[in-house]
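Structural characterization, general
Chain by chain, the residues:
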Amino acid sequence: MRPKAIQIPKRQPKGISPLKPENGIKPKGGLGTPSLAQQPVRRPSPKSGPPPQPPKPPRSLPPIFLTGSAIAVLIFSTYGSYLYASYKKAIEDSKKLSVSNDVADRYHKTAPTFDADVDTTEWMMSLGKRRKEIVQRARGDVLEVSCGTGRNMEYYAPGEKLGAGKKGKAEFRGCRSITFVDLSGEMVEIAREKFEKKFPDFKKAVFLVQDAAKDPIPPPPPPPGETAPTFAARQQQPAKYDTIIQTMGLCSHADPVGLLTYLGQDLLEPSRGEILLLEHGRSHYSWVNKLLDDLAPAHADRHGCWWNRDIGEIVRQSGLEVVEEKRLHLGTTWMFVLRRKREGGEEGKGAEGSGVVLSRWLGWGSKD
Ligand SMILES: C[S@@+](CC[C@H](N)C(=O)[O-])C[C@H]1O[C@@H](n2cnc3c(N)ncnc32)[C@H](O)[C@@H]1O
């Protein structure tokens, strides 16, 4: 049987649109749907504007930009590698150092440049605001331990005044006396100069050069007009400080727990006295702590400060009661209001009943 011939459709000659009927012959369409040839041919209307432009090739960046970027990447990567290598080397060097716990003697040397060295860092961290918060809370007979170059000086309100408080009750404000203590005579001299310049008329400021933890700190100066017998009685039972301030000091002391315990037990007025701390130390974050730990020996050796101390643990070991606590800057800045633990756990209420409310019981940053 011969196979049936298969009919191969003739190819459309090039150039003839399949949509156009050829030679006037209309192509047959299917039911309902018009065939392609029957569909109206859409031609661009002459009014619709110029024909669309062919797509533009992507713009290439100017060679100067590419060269500049390449140079910048090179500089950054070189600098990054340099920093990393320096950091690694600093850690290695730091670990090799054997540094004593007692590094306080460094401040004799660094005193002249201390303010200039810390100014920028403190400005970037807004530490002035924190110092102000702490110091504005001070009242009565005030002791500032590890006073350094007197970076808190400008926030003091020397001179105690009795005025009307928020609720109409009488309220003591300001400092009756201020005693500044530091181990470094060089630091104390700078602090004294600042104080005398700022408060030339206040005569109840005392400046002591001594070890705050080992040598007994004398009681606050007697109130004005106090007679000799009373003064003698005070020597028997020394007066205490209403407020004890320390800022950035626990990092430099050889025995920070011993210092806090001594301040709380021997020098702080037991019923309403407060210890106000602004300190720096360990962070909330382990990666920051690793950095602090790795570089601590070198930093302590150079600056006289152990920056990786656990301030919370030091406070806990001192046995003082935490009235308020605040942490800032990834947890490395610690602020505390402490007082002596009371028997019976009575919470601080100021001097209610006596008609006198002490402004220090107001919250952080209160302007009242
Ligand atoms: C980091 S400085 C802080 C100074 C200042 N309080 C401030 O906020 O800028 C630490 C200070 O603690 C002092 N210091 C260290 N050990 C001390 C001690 N055992 N008795 C008294 N002062 C001490 C140092 O002399 C130094 O001035």
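Residues numbered from 1 in each chain as written. Predicted model: local features only at pLDDT ≥ 70, side-chain atom pairs only at ≥ 80, totals over all residues.

1. Considerations on the overall build of the chain
Helices and strands together make up the secondary structure of the chain, namely eight helices and ten strands. Burial statistics for the chain: of 368 residues in total, 28% are counted as buried. (Helix = DSSP H or I, 4+ residues; strand = E, 2+ residues; numbered from the N terminus. Buried ≥ 20, exposed ≤ 12 C-beta atoms within 10 Å, placed from the backbone.)

2. Overview of the site of the ligand
Near the ligand you find 20 residues, and of these A104, S146, G148, A212 and T247 are the closest. Considering only residue class, the shell around the ligand consists of ten nonpolar, seven polar and three charged. (Near = placed C-beta within 6 Å. Nonpolar A, V, L, I, M, F, W, Y, C, P; charged D, E, K, R; others polar.)

3. Let's talk about the environment of F180
Along the chain, the position of F180 falls in strand β4 (residues 175-182). Taking the C-beta count within 10 Å as the criterion, F180 has 25 such neighbours and is therefore assigned buried. Distance in space between the C-alpha atoms of F180 and V209 is 8.5 Å, their sequence separation being 29 residues. Here F180 is in contact with E144, C147, V188, A191, V206, F207 and L208, once residues within four sequence places are set aside. (Contact = placed C-beta atoms within 7 Å.)

4. Topic: the UniProt feature "transmembrane region" (unreviewed entry) in the chain
In this numbering, the UniProt entry assigns the feature "transmembrane region" (unreviewed entry) to residues 64-85. Segment residues 64-85 splits into 100% helix and 0% strand. End C-alpha atoms: 31 Å apart. (UniProt positions renumbered as here; feature names shortened; annotations may be inferred.)

5. Comments concerning the environment of L260
You can see L260 is positioned in helix α6 (residues 256-267). Look at L260 and you get buried, because 27 C-beta atoms sit within 10 Å. Apart from the residues lying within four places of it in its own chain, the contact partners of L260 are I314, V315, S318 and L320.

6. Some details on helix α3 (residues 127-135)
Here α3 has its buried residues at L127, R130, R131, I134 and V135. Down the axis of α3, the buried set is contained in an arc of 125 degrees. They therefore lie on one face. Looking at the buried residues of α3, the elements they touch are α2 (106-124), β6 (243-247), β7 (274-280) and β9 (333-339). (Arc of directions from axis to C-beta.)

7. Describing the packing of α2 against helix α4 (residues 185-198)
Axis separation between α2 and α4 bottoms out at 7 Å; the angle between their running directions is 30 degrees. By the angle class used here, α2 and α4 are roughly parallel. Judged by residue contacts, Y107, H108, A111 and F114 of α2 engage E186, M187 and I190 from α4. Class assignment of the residues belonging to the contact of α2 with α4 gives a composition of five nonpolar, one polar and one charged. (Axes fitted to C-alpha atoms, helices over the stretch in contact; angles between N-to-C directions. Parallel < 35°, antiparallel > 145°, perpendicular 65-115°, else oblique.)

8. Focus on the confidence of the model for the chain
Per-residue pLDDT for the chain averages 82, and the proportion of residues at 70 or more is 77%. Predicted confidence for residues 15-33 stays below pLDDT 50, and this span has 16 contacts to residues more than four positions away or in other chains. This stretch, residues 346-368, has a pLDDT under 50; its non-local contacts, to residues over four places away or in other chains, come to 39 contacts. (pLDDT = per-residue confidence, 0-100.)

9. Looking at the sheet that holds β7
Strands sit in the order β5-β4-β1-β6-β7-β9-β8 across an open sheet of seven strands; the sheet is mixed. Each edge of the open sheet carries a strand with a single partner, namely β5 (205-209) and β8 (321-328). Between one strand axis and the next, the sheet turns through 15 degrees on average, direction left out of account. Two elements, β4 and β5, share five bridges in a ladder whose sense is parallel. In the sheet register, F180 faces β5, and the bridge partner there is F207. Contacts from α4 reach β4 and β5, with the element oriented near 165 degrees to β5. (Pairing = 2+ DSSP bridges.)

10. Focus: unusual backbone geometry
If you check the backbone angles, S126 has positive phi at about 50 degrees while not being a glycine. Note that S126 resides in the loop between α2 and α3. Judged by the 12 C-beta atoms lying within 10 Å of it, S126 is exposed. Phi is positive for S146, close to 55 degrees, though the residue is something other than glycine. Examined against the element boundaries, S146 turns out to sit in the loop between β1 (140-145) and β2 (161-164). Judged by C-beta crowding, with 24 C-beta atoms within 10 Å, S146 ranks as buried.

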